[in-house]
Every structure is written in structure tokens, then in C-alpha cells.
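Secondary and tertiary structure notes
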Amino acid sequence: MTVDDRVRCSWAQGSGGPADELYREYHDTEWGRAVHGRDALFERLCLEAFQSGLAWITILRKRESFRAAFDGFDPDTIAGYTDADRERLMADVSIVRNRAKIDAVVSNARAVLDLGGTDLDTLLWSFAPEPAPPRPATGNDVPAITAESTAMAKELKRRGFRFVGPTTAYALMQATGMVDDHIADCWVPRH
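All of these numbers come straight from a predicted model, not from anything done at the bench.

**Focus: the overall build of the protein**
- Across its full length, the protein carries nine helices and zero strands.
- Reading the secondary structure of the protein in the N-to-C direction produces α-α-α-α-α-α-α-α-α.
- Since a compact globule built from 191 residues should have a radius of gyration of about 16 Å, the 17 Å found for the protein is in line with a globular shape.
- Considered along the principal axes of its C-alpha atoms, the protein spans approximately 50 × 35 × 25 Å.
- Residues counted as buried form 48% of the 191 residues belonging to the protein.
- Across the protein, every contact between residues at least 6 apart in sequence was considered, and the portion connecting residues at least 24 apart equals 67%.
- Carbon and sulfur atoms make up 53% of the accessible area of the protein, which totals about 9000 Å².
- Charge-centre separation for the protein: the mean point of 23 positive side chains lies 4 Å from the mean point of 29 negative side chains.

Following this line, the structure appears as C-alpha cells:
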């Protein structure tokens, strides 16, 4: 139980501090809900890559700064970034300043534009398991990777995407509703 007596996934429970409130809001209104559209999915892909090795709360706190720094995660704009843009981003203390991750965002924007006969939405959602598996009983039953996330990461890599391994791909699948990993007794309705 949490401060409002609702049962939530363990990572979203807390005692009521500011970080807990941010986690709860994200959990209750975004995480696990279907996300569609090139730019929205590209943003989530980028944020999941930036989260790699860090706590998700760090990314949540900086999300608006990321959006401002990366021109709303518009792949058309980011694909045209120059070395000067990369240096601007490396100097921006409001985001995570990791050169490999920044370079991956630029490279991945170019990969989005080079998808050819498909679009990012169709490509990513093609890895959503059908039929949808049941919700996990507890947080301990939530996997870090699956056959689908491994296949997604492999296909993205084949298409030139960077910094998206099977674990990051699975986190993307969870965040965008491709899988529903809310625990079975979580109050958030199944979507």
C-alpha cells in the first residue's frame, strides 16, 4: 500500500517524498499504456537509452530538459545535428551528458529516417507478444529481457540503431504498453 491506499507495482510505492510522487504519477498515468507515433516512440527509445546504467528517476526529473535540448525528439531535426550540436548537448548540465548516448540519439534519428518500407511505430509494435501474457504476480516475476526484446534489439541493430540492447528494448516495451508488467493486483487497469 502507499500513501493513498492503492496497490501499486513495488517500484512505484513509497512514503510520499517528491521522488515517490513523480514515480507514482508516471506509473499511474504513463507506464504500460500504449504509445504510438514516430516521435513519441523515438522519445521513449532515447530516454530508455539514456536511463541505461542510471535510476529512472534521474531521467524523469530531466525529461523536460531532454525534450528542450533535443528539439522535442523530432528525428528530422536531430538527424541534421552537427558536431556543434553535439558539443552544445555535452555542455548542457540539465541533461545526462554522455557522449556515447548523445551520439546514439543522432545516429538513431538517422536510422529512423532510413527505415524504408516501414515506420518506427509498425516496426517496434511488431515485437509485442500476441496474445498478451498475463500480468506478473509480483515484481520478482518481471523479466529483464524476453525473446521479443532480444529480437527487437537485434533488428534495431541490423537497421543501424545504437544503444538499444535487449534490456533497454524490454524497458521500452514496458514503458510503451507493448507488454503489461503491472503486477496482478496493481490498481492500474489493464489496457
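**Here's the deal with helix α8 (residues 147–158)**
- Between its terminal C-alpha atoms α8 stretches 16 Å, which fits the 16 Å expected from 12 residues at 1.5 Å a residue.
- Of all the positions in α8, only Ser149, Met152, Ala153, Glu155 and Leu156 are classed as buried. Taken end-on, α8 shows its buried residues confined to a sector of 165°, consistent with a single buried face. Away from the buried face of α8 by more than 90 degrees, exposed residues Ala147, Lys154, Lys157 and Arg158 are located.
- Taken together, the buried residues of α8 touch α2 (38–51), α7 (120–125) and α9 (166–175).
- One or two positions beyond α8, positive phi appears at Gly160, with a value near 95°.

**Observations concerning the packing of aromatic side chains**
- Using the criterion set out here, one finds nine aromatic pairs in the structure.
- Geometrically, the ring pair formed by Trp11 and Trp31 is edge-to-face, given 5.0 Å between the ring centres and 75° between the ring planes. Residue Trp11 is found in the segment before α1 (18–29), and its partner Trp31 is found in the loop between α1 and α2; the two are separated by 20 residues along the sequence.
- Exposure remark for Trp31: the relative accessible area of 9% places this residue in the buried category.
- For the cation-ring pair, Arg6 lies above Trp187, with the distance from its terminal atom to the ring centre recorded as 3.8 Å.
- In this structure, Arg88 is placed above the aromatic ring of Tyr81, and the distance from its NZ or CZ to the ring centre is 5.5 Å.

**Some points on α9**
- Most of α9 is tucked away, with eight of its 10 residues classed as buried.
- Considered for burial, the residues of α9 that qualify are Thr168, Ala169, Tyr170, Ala171, Leu172, Met173, Gln174 and Ala175.
- Phi for Gly177, located one or two positions after α9, is positive at around 80°.

Rules behind the numbers
Residues numbered from 1 in each chain as written. Predicted model: local features only at pLDDT ≥ 70, side-chain atom pairs only at ≥ 80, totals over all residues. Heavy atoms only, no water. Helix = DSSP H or I, 4+ residues; strand = E, 2+ residues; numbered from the N terminus. Rg over C-alpha atoms; globule rule 2.2 N^0.38 Å. Buried < 20%, exposed > 50% of the residue type's maximum accessible area, 1.4 Å probe, protein only. Contact = heavy atoms within 4.5 Å. Areas by Shrake-Rupley, 256 points an atom, 1.4 Å probe, with all protein chains shown as cover. Lys, Arg positive; Asp, Glu negative; His and termini not counted. Charge placed at Lys NZ, Arg CZ, Asp CG, Glu CD. Expected span 1.5 Å × (residues − 1). Arc of directions from axis to C-beta. Phe/Tyr/Trp six-rings, centres within 6.5 Å; stacked < 30°, edge-to-face > 60°. Lys NZ or Arg CZ within 6 Å of the ring centre and 35° of its normal.

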